[in-house]
Amino acid sequence: MDQKLLIEVGTEELPAIPLLKELDNISKKWQIVLEKYALASEFEFFYTPRRLVLFHKSFKTQQENSFAEFIGAPKELAYKDGVLSAAAKSFMQKTGLKENELEFKEIKGKEVLYHKKEIQCVKSSKLLAQMIEEWLKSLNFGKTMRWGNGEYEFIRAIRSFVCILGDELIEFESYGVKSAKKSFVHRSVSYEALEFKTIDEYFKLLKDNFVILDQEQRKEKILAEFKELEVKHKLSIAEDIELLAEVVAITEYPKALLGSFEAEFLEIPSEVIITSMRENQRYFSVFDKNKLSNHFIVVANAVCKDYKQIIMGNERVLRARLSDAMFFWQNDIKTGLQPSKLSNIMYMQELGTMLDKVAREKKIASFLCQIYDLSSKEQEILKALDYAKCDLLTQMVYEFGELQGVMGYYYAKKMNLSEEIAEAIKEQYLPNAEKDPLPSSEFSSIVALSYKLDTLMGLFSIGKIPSGTKDPYALRRAANGILKIVFKLQKSLKLKNLLDSLSLNYKSFDTRILYDFMLERLYTFYPVNASFIKAVLSSQNDDLLHIDASIKALIELSNKENFNENFTTFKRLANIASANSAKIDEKLFEHKAESTLFEAFKKCDLNAKPKVVLESLFALKPYIDDFFDKVMINTQDSQIKNNRQALVYSIYKAFLNIADIKELSV
């Protein structure tokens, strides 16, 4: 008979970020344990800052009887000259059989050693302790804590175990803790674990003592209170999914409270205030008509009648932090951005200082300005690069590293640098994450490309090349950013030529390695099987815009009903084609199918955009099919044979300018 099962692992305060990173795996890993022990069933998983909880509404009280089948060597190999072979002895050891107990069974037409063994069921109560320990040891939170003279290890010290099947306690000891019918409630109520008798009483105990066990219910409570505060005070609270998840993870009975700070602090750039509140205090920003307000939301984990003291305490802490930020802001404005002092910051031992990096970026920018016909903007772009990294020297960026670029924008504005330069400084690192926006202008794009290209060229030139999953310098992200920016600009950029030209400014290295590394990123850009990308890259066209257009054109055409028929025809043509540079001589055509195909091919505009070229080539299908049906290519007349081969190769070569159909699979 199935019964309810409750498992609670009580811990010291769990750090939110490691918990949230492993969150998706916690239930999956318990499911793996259940399947291993043949006790799989549905369950719910809950967590609070001080507990991990598994609850089965219906759990098997024992395993079901099962059978294990063992298949061994064929009969002729089990015995050699009437003596047991090594294979047979291995089978006996595996099954626990004696020689006189060996049996053979015909399987797939062969007699082989065979044994079917019944596996007796085991009561769940005898397995649960081992299952819980296996589950806990499978969890990976990154860094762990040791306690009990270093004997025990987990994300945080384990202080209690609850394991109840039906209403019976499963007694065991693990991590130095004995299981019991006790659980810790909210600290505002008691610091001691409180007793209960049944699973139903457990849930009631937590509810009555201000522990909302279900994380989704905690989230709903917070959002409902946000809404109430917004309506009451006519303000709007910033949506922040990640911060909300973190707050849910660190509270057992959340309470959203509205606090405030002096309006004079709004002189500081809003990004500084928001970052300080979010990163240091886990406060939510508040806006009044789309402008940052001098209010904030703190989600408390306390139970009391009057929350004024909690609000005042948080206001004092924030006031101190904003006072520091104001001091940094005013001092940095006085100092301004100072390019020459970048020589005091070492970028990388083999690549010199940050000033050296800027010098290389400026060379790249000049080269890009030539390619993109931006000579009128070149001097301003170079000026933007002079100032782009200067905010690394400021007190504000020293305190809030994530605001580099952003603070440079504000300081550039205070120095009366142009809006274009200020924007470029702010956007120089974009995109810095998967969902980040791209630079908003061509001007900013050149600055961002220069930064990312120098980073890649420099690090590849000194052998800092990503391997496997390791990418400490985020070079894959830099390469992705370059491709996305170029595609947005919609201007041709021959990548191989670019890398070869820029390599003169670096220690000698094989630019082909970097070229391949960058193009490999394309395999994650498009919703299509990898052969489409490989086919286009095999064309050897290094123009990034042409590559992007070719892949998109191929994908679009592959969604049409007749694509498979076209693909079959051109695959056959590609397999037959062999390199032939001979000029096609119409006088050597013997069949109408030859001349008809050639005339249709001559009408194809091979200089058009990839989509138009592919459509015109695919339109040749009936003529190619007719050609294959009526014309023998490998005729005995070598002159005619060569001419026909030249015709086939010319069509294949036209396709090859976009993609190598030999690499395509559908």
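Residues numbered from 1 in each chain as written. Predicted model: local features only at pLDDT ≥ 70, side-chain atom pairs only at ≥ 80, totals over all residues. Heavy atoms only, no water.

Participant: Tell me about the overall build of the protein, residues and numbers included.
Facilitator: In terms of regular secondary structure, the protein is built from 25 helices and 22 strands. For 666 residues, the compact-globule estimate of 2.2 N^0.38 gives 26 Å, and the C-alpha radius of gyration of the protein, at 35 Å, exceeds that figure by more than 25%. Overall size of the protein, expressed as C-alpha extent along the three principal axes, is 100 × 100 × 50 Å. Considering only residue pairs separated by 6 or more positions, the protein has 68% of its internal contacts joining residues 24 or more positions apart. For the protein, the accessible surface area stands at approximately 34,300 Å², while carbon and sulfur atoms represent 48% of it. (Helix = DSSP H or I, 4+ residues; strand = E, 2+ residues; numbered from the N terminus. Rg over C-alpha atoms; globule rule 2.2 N^0.38 Å. Contact = heavy atoms within 4.5 Å. Areas by Shrake-Rupley, 256 points an atom, 1.4 Å probe, with all protein chains shown as cover.)

Participant: A description of helix H3 (residues 86–95) should follow, citing residues and the corresponding values.
Facilitator: Every buried residue of H3 is listed here: Ala88, Phe91, Met92 and Thr95. Around the axis of H3, the buried residues are gathered within 100 degrees of arc, so they sit on the same side. Within H3, the exposed residues directed more than 90 degrees away from the buried face are Ala86, Gln93 and Lys94. Gly96 lies just past H3 and shows a positive phi near 80 degrees. (Buried < 20%, exposed > 50% of the residue type's maximum accessible area, 1.4 Å probe, protein only. Arc of directions from axis to C-beta.)

Participant: Tell me about the sheet that holds strand E2 (residues 44–48), and please be specific about residues and values.
Facilitator: Strand order across the open sheet formed by five strands is E2-E3-E1-E11-E12, with antiparallel pairing between neighbours. The open sheet has two free edges, formed respectively by E2 and strand E12 (168–169), since each of these has just one partner strand. Pairing of strand E1 (residues 3–11) with strand E11 (residues 158–165) involves seven bridges; the strand directions are antiparallel. What sits directly across from Val9, in E11, is Phe161. Together, E1, strand E3 (51–59) and E11 form the strand contacts of helix H5 (residues 199–208), whose direction differs from that of E1 by roughly 40 degrees. (Pairing = 2+ DSSP bridges. Axes fitted to C-alpha atoms, helices over the stretch in contact; angles between N-to-C directions.)

Participant: Please give an account of the packing of aromatic side chains that cites residues and values.
Facilitator: Inspection of every chain in the model, using the stated rule, returns 32 aromatic pairs. Seen from their ring centres, Phe141 and Phe154 are 5.7 Å apart, and the 85 degrees between their planes marks the pair as edge-to-face. One end of the pair, Phe141, is in the loop between helix H4 (128–138) and strand E9 (145–147); the other, Phe154, is in strand E10 (residues 152–154), and 13 residues separate them in sequence. Of the two residues, Phe141 and Phe154, neither departs from the other in class, the shared state being buried. (Phe/Tyr/Trp six-rings, centres within 6.5 Å; stacked < 30°, edge-to-face > 60°.)

Participant: Outline the nonpolar core, listing residues and values.
Facilitator: In this structure, Met396 and Leu456 are the most contacted members of the largest nonpolar core, which totals 138 residues. The dominant element in this core, judged by the number of residues it contributes, is helix H15 (residues 442–461), at 10 residues. Formed by 54 residues, the second largest nonpolar core is a distinct cluster that contains Ile237, Ala249, Ala256 and Phe284. (Core = buried A, V, L, I, M, F, W, Y, C linked by side-chain atoms within 4.5 Å.)

Participant: Can you explain the environment of Lys464? Please cite residues and give values.
Facilitator: Following the sequence through the fold, Lys464 ends up in the loop between H15 and helix H16 (475–489). Along the primary structure Lys464 and Leu475 are separated by 11 residues, whereas in three dimensions their C-alpha atoms are 9.4 Å apart. Apart from residues no more than four positions distant in its own chain, Lys464 is found in contact with Glu350, Leu459, Tyr473 and Leu475.

Participant: Residues and numbers for the packing of helix H6 (residues 215–233) against helix H7 (residues 241–249), please.
Facilitator: Two elements in contact, H6 and H7, have axes separated by 9 Å at closest approach and are oriented at 120 degrees. Overall, the two elements H6 and H7 adopt an arrangement that is oblique. Where H6 crosses over H7, the handedness of that crossing is right-handed. On H7, the residues that touch Gln215, Arg218, Lys219, Ile222 and Leu223 of H6 are Leu244, Val247 and Val248. Residue composition of the contact of H6 with H7, grouped by class: five nonpolar, one polar and two charged. (Parallel < 35°, antiparallel > 145°, perpendicular 65-115°, else oblique. Left-handed = near helix turned anticlockwise from the far one by under 90°. Nonpolar A, V, L, I, M, F, W, Y, C, P; charged D, E, K, R; others polar.)

Participant: Report on unusual backbone geometry, specifying residues and quantitative values.
Facilitator: The amide bond that connects Leu430 to the next residue, Pro431, takes the cis arrangement and shows omega of -15 degrees. Inspection of the secondary structure assignment puts Pro431 in the loop between helix H14 (419–427) and H15. For Asn416, which is not glycine, the phi dihedral falls at a positive 65 degrees. When you line up the elements, Asn416 lands in the loop between helix H13 (406–414) and H14.

Participant: Go over the side chain of Ser445 with me, naming the residues and quoting the values.
Facilitator: Its place among the elements puts Ser445 in helix H15. Other than its neighbours up to four places away in sequence, Ser445 contacts Pro439, Ile485 and Leu489.

Participant: Requested: an account of the pairing of E11, with residues and values cited.
Facilitator: Among the eight residues in E11, seven count as buried, and that is most of the element. Alignment of E11 against E12, held across two bridges, turns out to be antiparallel. Following the sheet pairing, Ile164 is matched in E12 by Leu169. In this antiparallel pair of consecutive strands, E11 and E12, the connection spans two residues, and Gly166 shows a positive phi of 70 degrees.

Participant: Could you give an account of the sheet that holds strand E18 (residues 255–260), naming the residues involved and the relevant values?
Facilitator: The sheet built from four strands is open, its strands ordered E17-E19-E20-E18 with antiparallel pairing. Among the strands making up the open sheet, the edge pair consists of strand E17 (236–237) and E18. The pairing of E17 with strand E19 (residues 284–288) spans two bridges and is classified as antiparallel. Directly across from Ile237, in E19, lies its bridge partner Val286. Its contacts with the sheet place helix H8 (residues 270–281) against E19 and strand E20 (291–300), and it is angled at close to 0 degrees to E20.

Participant: Please give an account of the pattern of salt bridges that cites residues and values.
Facilitator: Oppositely charged side chains can form a pair if their charged atoms are brought close together. Applying the stated rule across the entire model yields 40 salt bridges. Here Lys484 ties to Glu434 by a salt bridge, and the two come within 3.9 Å at their closest N and O atoms. With Lys484 in helix H16 and Glu434 in the loop between H14 and H15, the pair connects residues that are 50 residues apart, well separated along the chain. Judged by relative accessible area, Glu434 falls into the exposed class, the value being 63%. The closest approach of N and O atoms between Glu594 and Arg644, which form a salt bridge, is 3.0 Å. Of the two residues, Glu594 is situated in helix H22 (residues 592–602) and Arg644 in helix H25 (residues 638–656); the sequence distance between them amounts to 50 residues. Comparing Glu594 with Arg644 shows no difference in burial state: the two are buried. (Salt bridge = Lys/Arg side-chain N within 4 Å of Asp/Glu carboxyl O.)

Participant: Give me the lowdown on the state of the cysteines, citing residues and values where you can.
Facilitator: Tallying each qualifying case throughout the model produces zero disulfides. Cys163 provides the cysteine sulfur closest to Cys121, a residue in no disulfide bond, and the two sulfurs are 18 Å apart. (Disulfide = S-S within 2.5 Å.)

Participant: Outline the side chain of Thr511, listing residues and values.
Facilitator: Within the secondary structure, Thr511 is located in helix H18 (residues 511–520). Contacts of Thr511, omitting those with residues within four sequence positions, involve Leu499, Asp500 and Ser503.

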